[in-house]
Amino acid sequence: RVVVRNGGMEAVYTSLAATLEPGDEVIVPSPNWPNARWVVQLVGGVPVDVPLRNGVLTAEAVSAAITPRTRAVLLASPGNPTGVVAP
């Protein structure tokens, strides 16, 4: 299947709206573009900020943030606002 959207945030919104139930958690690297948190909240999810270490999101930090309610991890590369490119 192919889904075409007119922008990145619309694609994130529709993907989260289709998969999240109210109260589901989404891991969001921090610092982040404010819309990343807002779109999670807009669909009834709970954003879980995971701080970057030296500008990098580590597997250990993500693993520590995962709970039974975690349904997604929002990743962007290059990251906004840091500009860090995922390896």
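Numbering of residues begins from 1 in every chain and follows the order in which that chain's sequence is written. Confidence filtering applies because this is a predicted model: local features only for residues at pLDDT of at least 70, side-chain atom pairs given and counted only at 80 or more, and all residues used for totals across whole chains, interfaces and linings. Derived side-chain values reflect all non-hydrogen atoms in the structure, with water molecules and hydrogen atoms excluded from consideration.

A short note on the overall build of the chain
To be explicit about the condition: Secondary structure follows DSSP: runs of H or I at least 4 residues long count as helices, runs of E at least 2 residues long count as strands, and numbering of each begins at the N terminus. Only protein chains enter the calculation, and the probe is 1.4 Å; a residue is then buried if its accessible area is under 20% of its type maximum, exposed if over 50%, and partly exposed in between. Accessible areas in this description were obtained via Shrake-Rupley with a 1.4 Å probe; residue shielding takes into account the shown protein chains only. Only four residue types enter the tally: Lys and Arg on the positive side, Asp and Glu on the negative side; His and the chain ends are excluded. Charged groups are reduced to one reference atom each: NZ for lysine, CZ for arginine, CG for aspartic acid, CD for glutamic acid.
Summing up its helical and strand segments, the chain has three helices and three strands in all. For the chain, the succession of helices and strands along the chain, N to C, is α-β-α-β-α-β. Each principal axis of the C-alpha atoms in the chain carries an extent, and together these give about 35 × 30 × 25 Å. Looking at the 87 residues of the chain, the share that counts as buried comes to 30%. In the form shown here, the chain has an accessible surface area of approximately 5700 Å², with 58% of it arising from carbon and sulfur atoms. Across the chain, 6 positive and 6 negative side-chain charges occur, with their mean positions spaced 3 Å apart.

Description of the environment of Gly83
Turning to its location among the elements, Gly83 is positioned in the segment after strand 3 (70–73). Judged by relative accessible area, which is 43%, Gly83 ranks as partly exposed. In this structure, the C-alpha to C-alpha distance between Gly83 and Gly55, residues 28 residues apart in sequence, is 8.9 Å.

Describing helix 2 (residues 34–42)
Condition: As used here, the arc is the angular range of directions from the helix axis to the C-beta atoms. Contact criterion: two residues are considered in contact whenever any of their non-hydrogen atoms come within 4.5 Å of each other.
For helix 2, every residue scored as buried is listed here: Ala36, Val39 and Val40. Projected down its long axis, helix 2 carries its buried residues within an arc of 100°, all on one side. Away from its buried face, by an angle of more than 90 degrees, helix 2 presents the exposed residues Trp38 and Leu42. Buried positions along helix 2 lie against helix 1 (8–19), strand 1 (25–30) and strand 2 (46–51). Two residues or fewer after helix 2 comes Gly44, characterised by a positive phi angle close to 90°.

Digging into the confidence of the model for the chain
The following threshold applies: Confidence of the predictor at the level of single residues is given by pLDDT, which spans 0 to 100.
Of the residues in the chain, 100% have a pLDDT of 70 or more, and the chain-wide mean is 90. Across the chain, strand 3 holds the top mean pLDDT of 96, while helix 1 sits lowest at 92.

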